[in-house]
Structure formats: structure tokens, C-alpha cells
Amino acid sequence: MKIKLDKEFTIRKWKAKEKKEFLNTVRNSESLDTLQDVLVYNCIEEKVAFNADEFKYVLTQIRSYSLGDEIELEFYCEDCKNKFLDTIKLSSVIKPIISGKKEIKTKNYKIKLGEIRNVDFYRETIKNNPSEEKDYDFYLRIMSINGDDSLTLEETVDLFNEMDIDEFDSIFAQWEDIRFKIDDTTEIKCKNCESSVTYSFDEVPGFFPPAWFN
């Protein structure tokens, strides 16, 4: 199955061995990196790296491809005070927002963006800077600044640290508009009284079938 973010890549379904590795990882409280490798990175033909939103989207796509797109959940209606079951589709809950824009402009800067060039370096840098993950995710997607494509990561960070705050804020506001994001909201209608509530699925209950844990 093909997925397209910055570039197109190929995913495969989970295998039985991935289920075993996933359960062993959870039971033994192994690192998040191990879990990510088992559930996502091992299932992709190409060498890739993802930020948090990209990872969540790809994980959802692999889950749907492997186990099906539908999940039955129980909801509670605040209006009629009743519980009801409803079936949601992951594809309608975790929706990608892709702008396709690759350039940021301010008064003094023209920044061209592209795909991650060094996957291992990206993953290691993000791992070592968890509190600044969003900043480094941006820096490591920069192809050139004012035509200069030779800046190191350290030089790029220094440039932004010394930048006037108005231009810095403008650049990151533009980046926020164009970076890959997920819309995880969907409207659920009560089966009893038909009132509607918009839910945000920052986590999806039942993402892994209960039978996996038996």
C-alpha cells in the first residue's frame, strides 16, 4: 500500500511477529523507540522518519490496512444520559492536512523546505531534544535560507536564536500553517436522542483489538 506525505512510500501489513514484539515491548516497558520500530518503521520499505503527527497518521494507516478501518466504541450522551455503541472509521477520524507549500518568506528571509535528508540524524536529534521537537522538526526540513544550502544544523539554530522576534514569529506562524497536521475531530450522533457532539480523538480507544491481549 502506498502513502504520500512529503514523498510516497510503501507500507505492508503487520505480521504475526510484530504482534508478539508489540506485546513483549508493552509488558517489558521497553522504550518508545522500540515500539515505534515494531509498529511503523519495520513495516515501511523505504528509510523514513516522521514527526509526531506524521507518525500517528502512518500508524493509523497501517492499522487500517492490517486489521480494518472500523472500530466499535461506546459513547455516553450528556443530553439523554444514555450509553450507546457506534462504529467509527479511522479514516474519518484521523484525517491528514497537507498544504503542499514549500517556501516561507519574510522581509529578510526566503526559506525553502523539503523532505528530511538524513533520516538517522533526524531521529537521533529529535530523540535528544524532546522539549524542542517541533523546532528541530522544522530546522531539519530546511533546504536553503536565502539561497544558502550549506548551513549546518548548529548554524541554522544560531541564526534563528539571533533573529529579530517579529521575523522569527512570522516564520514559525507560516510553518504552523503549512506543516503536516492531523484533523482528529469528528461528529458523533447519539443513537437515542440524535443530539450531536464533536469528539477529538487524540487517542483512539480500541486501536488494538482486545483479543491481542488475551
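Structural data are supplied above this passage.
Worth saying up front: this structure is predicted, and the values here are computed from it rather than measured.

Trainee: Would you take a moment to explain the pattern of salt bridges for this structure?
Mentor: One pass over the structure, following the stated rule, counts 17 salt bridges. The closest approach of N and O atoms between Glu103 and Lys110, which form a salt bridge, is 4.0 Å.

Trainee: Help me understand the packing of helix 1 (residues 16-27) against helix 2 (residues 32-39), please; the structure alone is not making it clear to me.
Mentor: Each pair of packed helices gets described by two things: the angle between the helix axes and the distance between those axes. Across the interface, helix 1 lies against helix 2 with an axial gap of 9 Å and an inter-helix angle of 165 degrees. Regarding the angle of helix 1 to helix 2, the classification is roughly antiparallel. Every pair of crossing elements has a handedness; the one defined by helix 1 and helix 2 is left-handed. Here helix 1 contributes Glu18, Glu21, Phe22, Thr25 and Val26 to the contact with helix 2, which in turn contributes Thr34, Leu35, Val38 and Leu39. Across the contact of helix 1 with helix 2, the residue classes tally to five nonpolar, two polar and two charged.

Trainee: Looking at this structure, how should I read the nonpolar core?
Mentor: One recurring pattern in soluble globular proteins is that nonpolar side chains are buried together. Residues Phe9, Trp14, Val40, Phe50, Val58 and Ile88 are the most contacted members of the largest nonpolar core, which totals 38 residues. Within the residue set of this core, elements represented by two or more residues are helix 1, helix 2, helix 3 (52-67), strand 3 (70-76), strand 4 (83-89) and helix 4 (90-93). Sorting elements by how many residues they give to this core places helix 3 first, with five residues. Once residues lying within four places of it in the same chain are set aside, the contact partners of Val58 are Ile3, Leu5, Phe9, Val40, Ile44 and Phe50.

Trainee: Explanation requested: the sheet that holds strand 6 (residues 103-105) in the structure shown.
Mentor: Strand pairing in a sheet takes place through backbone hydrogen bonds and is either antiparallel or parallel in direction. If you trace the three strands from one edge of the open sheet to the other, you get 6-7-8, paired in antiparallel fashion. The outermost strands of the open sheet, each flanked by one partner alone, are strand 6 and strand 8 (142-145). Strand-to-strand twist in this sheet, taken as the mean axis angle between neighbours without regard to direction, amounts to 15 degrees. As judged from the three bridges shared by strand 7 (residues 110-113) and strand 8, these two strands associate in the antiparallel manner. Along strand 8, the bridge assignment pairs Leu113 with Ile142. Strands strand 7 and strand 8 of the sheet are contacted by helix 7 (residues 153-161), whose axis makes an angle of about 60 degrees with strand 8.

What counts, and where the lines are drawn
- Residues numbered from 1 in each chain as written.
- Predicted model: local features only at pLDDT ≥ 70, side-chain atom pairs only at ≥ 80, totals over all residues.
- Heavy atoms only, no water.
- Salt bridge = Lys/Arg side-chain N within 4 Å of Asp/Glu carboxyl O.
- Axes fitted to C-alpha atoms, helices over the stretch in contact; angles between N-to-C directions.
- Helix = DSSP H or I, 4+ residues; strand = E, 2+ residues; numbered from the N terminus.
- Parallel < 35°, antiparallel > 145°, perpendicular 65-115°, else oblique.
- Left-handed = near helix turned anticlockwise from the far one by under 90°.
- Contact = heavy atoms within 4.5 Å.
- Nonpolar A, V, L, I, M, F, W, Y, C, P; charged D, E, K, R; others polar.
- Core = buried A, V, L, I, M, F, W, Y, C linked by side-chain atoms within 4.5 Å.
- Buried < 20%, exposed > 50% of the residue type's maximum accessible area, 1.4 Å probe, protein only.
- Pairing = 2+ DSSP bridges.

From the geometry alone we can't say anything about function, so treat these as descriptive.
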